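Each chain, written out:
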Amino acid sequence: MRSTHDVTGRVIAVTGAARGIGLAIAGHLAESGARVALGDLDAAAAVAAAAALPGTTAGFALDVTDQDSYAGFLDAVEELWGPVDVLVNNAGVMWVGRFDEESEQATQRQLEVNLHGVIRGVRLSAPRMRARGRGHIVTVASAASKLAPAGEATYAATKHGVYGYLSGVRAELRGSGVELSVVMPTVVDTELAVGTSSGAVAMLTPRDVAVAVAAVIGRPRFEMTVPRHVGPLIRAVGLLPDRLRTAVFRRMVPNQIAALEGNNAVREKYESAALDTDDTGAKS
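Side note on the overall build of the chain
- A count of helical and extended segments in the chain gives 10 helices and seven strands.
- For the chain, the spread of C-alpha atoms along the principal axes amounts to about 50 × 40 × 30 Å.
- Expressed as a percentage of the 284 residues in the chain, the buried residues total 54%.
- For the chain, the computed accessible surface area is about 12300 Å², with 53% contributed by carbon and sulfur atoms.

What to know about the sheet that holds strand S7 (residues 223–226)
- With parallel pairing, the seven strands of this open sheet are ordered in space as S3-S2-S1-S4-S5-S6-S7. With one partner strand each, in any of the chains shown, strand S3 (56–61) and S7 form the two edges of the open sheet. With direction set aside, neighbouring strand axes in the sheet form an average angle of 15 degrees.
- In the sheet, strand S6 (residues 178–185) pairs with S7 via four bridges, with the strands oriented parallel. Residue pairing across strands places Val183 opposite Met224, the latter belonging to S7.
- Helix H4 (residues 104–132) contacts strand S4 (86–89), strand S5 (135–140) and S6 of the sheet and is inclined by roughly 175 degrees relative to S4.

Structural notes on the confidence of the model for the chain
- When pLDDT is averaged across the chain, the result is 92; 95% of the residues are at 70 or more.
- In the predicted structure, residues 277–284 sits below a pLDDT of 50 and forms 35 contacts with residues beyond four places in sequence or in another chain.

Looking at the nonpolar core
- Ranked by internal contacts, the top residues of the largest apolar core, which has 49 residues, are Tyr70, Phe73, Val77 and Leu166.
- Elements with a minimum of two residues in this core: strand S1 (11–15), S3, helix H3 (67–81), H4, helix H5 (153–173), S6 and helix H10 (265–274).
- With nine residues, the top contributor of residues to this core is H4.
- When neighbours within four sequence positions are excluded, Val77 is seen to be in contact with Val11, Ala37, Phe60, Gly82 and Val84.

Cut-off values and rules
Residues numbered from 1 in each chain as written. Predicted model: local features only at pLDDT ≥ 70, side-chain atom pairs only at ≥ 80, totals over all residues. Heavy atoms only, no water. Helix = DSSP H or I, 4+ residues; strand = E, 2+ residues; numbered from the N terminus. Buried < 20%, exposed > 50% of the residue type's maximum accessible area, 1.4 Å probe, protein only. Areas by Shrake-Rupley, 256 points an atom, 1.4 Å probe, with all protein chains shown as cover. Pairing = 2+ DSSP bridges. Axes fitted to C-alpha atoms, helices over the stretch in contact; angles between N-to-C directions. Contact = heavy atoms within 4.5 Å. pLDDT = per-residue confidence, 0-100. Core = buried A, V, L, I, M, F, W, Y, C linked by side-chain atoms within 4.5 Å.

This is the structure in structure tokens:
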């Protein structure tokens, strides 16, 4: 019998997989023997990335903000290799700055990609998995699912929303054979985080997140923080009186407004592309 830690032969679909965290996840899983489908708005980049990876991979066009595109992606993967065993919701975008300076477009884009994109992926894939009595949906969220750094108000709201949504769906799927997991990394060295601070912890690499995703696929659990000690630390600090809790979090959690002070230009290239209405920014 195949070990639960063995992904050999499993069909795994990854969104936002042409670069950054998604590409690292796809590469790590492909190296481990999975059949990996890379979905991204930039279809050419997804196809090229898949061709450059070892093992059995394929690249597909995917707009996580479009119902037909997402359904078509899942259908195409199933037609190629059979039912999707694991869906990794990874695509995401982030705007950084003062809450009252955020444009309506930036707000809408984050909600559509980060929150509604995950909801859409779960709603389309979970029923297929439930019908088979097995499956796993892993969502790459953020430590901002539990925290809210200054300068990331809407981004944190989307990640809090993802955590709440998955908690509710998990209750509905209990006993169905379908697993849900949410992976919550601190700041990762990608385009999405360019110019931001990692606060009291070292900045992660995309591979750090990829290893965590592989671990949670191998041994399913609902939530995992990266680094792992961050989860227990957040829970422990949460038990403190409000004034002390606020003081501790102020030291732990980066203030991204301060991090960008006088240096906002470093994010302009990323944000102008990722938050454009013609781009989901699935490049995290």
